[in-house]
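Here is how the chains run, residue by residue.
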Amino acid sequence: MVVVALLAFLAIFARPIEVFGLTVQPFSLAPHPPGELLYFNHPGEGFTGDYQPPSMKAPMGVDGDGRDIFSRLLYGGRYSLSIGFIVVGLTAGIGLLYGAVSGYYGGWVDEIMMRIVDVIYAFPGLILSLIIVSMLGRGYTQLIIAFSLFGWAGYGRLVRGEVLKVKENEYVMAAKALGARDRSVVLRHIAPNTMAPLLVVASLRIGTVVIGVAALGFLGLGMPPGSAEWGTMLDGARNSLIRLDTGPKWWATVFPGTAIFLFVMSMNMIGDGINDALDAQQTGVGKGGDE
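Treat the numbers as computed from the prediction; the structure is a model and nothing was measured.

Chemist: I'd like to hear about the side chain of arginine 15, residue by residue, with values.
Modeler: Considering the arrangement of structural elements, one finds arginine 15 in the loop between α1 (2-12) and β1 (17-19). The buried charged residue arginine 15 lacks any salt bridge, with glutamate 36 as its nearest oppositely charged partner at 7.0 Å. A polar atom in the side chain of arginine 15 sits 3.0 Å from the backbone oxygen of alanine 30. Apart from the residues lying within four places of it in its own chain, the contact partners of arginine 15 are Gln25, Phe27, Ser28, Ala30, Pro31, His32, Pro33, Pro34, Tyr75 and Arg78.

Chemist: So what about the confidence of the model for the chain? Which residues, and what values?
Modeler: The predicted model of the chain has a mean per-residue pLDDT of 87, with 94% of residues at 70 or higher. Mean pLDDT values for the elements of the chain range from 81 in helix α8 (residues 170-177) up to 95 in α1.

Chemist: Tell me about the side chain of glutamine 52, and please be specific about residues and values.
Modeler: Here glutamine 52 is to be found in the loop between α2 (38-41) and α3 (69-105). What glutamine 52 contacts, discounting residues up to four positions off in sequence, is Gly46, Phe47, Gly61, Val62 and Trp251.

Chemist: So what's going on with the pairing of strand β2 (residues 22-25)? Which residues, and what values?
Modeler: Side chains on a regular strand alternate between the two faces of the sheet. As judged from the 3 bridges shared by β1 and β2, these two strands associate in the antiparallel manner. The residue bridging glutamate 18 from the neighbouring strand is threonine 23, located in β2. The loop that links β1 with its antiparallel partner β2 comprises 2 residues; one of these, phenylalanine 20, has a positive phi angle of about 55°.

Chemist: Describe the layout of surface pockets, naming the residues involved and giving the relevant values.
Modeler: A volume near 440 Å³ is recorded for the largest pocket. The set of elements that each furnish at least two residues to the lining of the largest pocket consists of α3, α4 (107-121), α5 (125-136), α6 (140-148), α7 (153-166) and α10 (195-218). At 5 residues, α10 tops the list of elements feeding residues into the lining of the largest pocket. Grouping the constituent residues of the lining of the largest pocket by class yields 14 nonpolar, 7 polar and 1 charged. Reported here for the second largest pocket is a volume of approximately 250 Å³. Every residue lining the second largest pocket is counted, 22 residues in all, and those nearest its centre are Arg67, Thr232, Met233, Gly236 and Ala237.

About the criteria used
- Residues numbered from 1 in each chain as written.
- Predicted model: local features only at pLDDT ≥ 70, side-chain atom pairs only at ≥ 80, totals over all residues.
- Heavy atoms only, no water.
- Helix = DSSP H or I, 4+ residues; strand = E, 2+ residues; numbered from the N terminus.
- Buried < 20%, exposed > 50% of the residue type's maximum accessible area, 1.4 Å probe, protein only.
- Lys, Arg positive; Asp, Glu negative; His and termini not counted.
- Salt bridge = Lys/Arg side-chain N within 4 Å of Asp/Glu carboxyl O.
- Polar contact = N/O pair within 3.5 Å; in protein donor to acceptor, adjacent residues only side chain to side chain.
- Contact = heavy atoms within 4.5 Å.
- pLDDT = per-residue confidence, 0-100.
- Pairing = 2+ DSSP bridges.
- 1 Å grid on protein atoms, 1.4 Å probe; cavity = no way out; pocket = protein on both sides within 12 Å on 5 of 7 lines; lining within 4 Å.
- Points joined across faces, edges and corners; volume = space filled by probe spheres on them.
- Nonpolar A, V, L, I, M, F, W, Y, C, P; charged D, E, K, R; others polar.

Next up, the structure:
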C-alpha cells in the first residue's frame, strides 16, 4: 500500500493540473515537462538529442529524443495508474449488476446471460482489447473502452456464483415475504453481500490492466507516439537494446519496466492481503473460532 500510495502521489504532483483553465494542483515534482527537449530548451548544459546515461542533471538519464526520463516516468504514472483504476471500477460495477441479475432470476435469463459470457471468454482478453484499439485508434479514452467493453465478464460470472448462494439466505426470503421489489432485493440485500470476493479479484485485476495497457503500448497500439505512458516509453526505447554502435542503453527500459513491476507486484500483494483478511473473517481464524 505504501508503494502504491507513493506512485500515486508522484503521479498526481508530477506536473500542475488544470481543469477548465483553473489550476487545481500547482505543484511540480518533475523538473521538466514530459515532452520537453532538453538539448533545445537548455542549451549549454551538455544535453544532446540522443541517449545519455543517468547523471546529476538527469537522474534516470535521457531518452533517444533528448527528453528527461525521470520527468516522463513521474508524469506517465497518471496514464498507467488512472487507466487501471478506472477500468476496474467500470468493469467491476457492470459485472456486479450483470451477475446479480443473472443469478437472482435464474432459469432462461441466467442461461442466456451466461452464454454471452461464454462467448466473451472464447477470445483472449488482450486480443479483444487489441482489436478494439485497432478499430478506435490510439488514445487514453480508447484504451479505457478497449479494456472495459468486455472486461466485466469475469466479474459477472464470479458474482453470479455468489448470488446463487446468497439468495437462499433467510434475510433475502424475508425481504421477499415483506413485499420488497426485485430491484430492491438485488441492490440492497444481495449485491452488497457479494462484495468480498469481488474486492479481491478487482484488486488483482488492476495490475493485470496496467500490464495490458503497457503491452499494447509496447506493441505500438497504446497511447500516441511520444506519450509518457510507461508501455509507450518501452516501445520508444526498444531499439536502444540492440544498438551496436554505442551499446545498449539500459536506463531507457529499466526504469519504466521497474515502475510497472513495482506497481503490479504491490497490487497483487494488496489483493492477496485482502483475500487473507476476508478469509480469516469468514472462518473465524484469529478470533477464537474453529478453522
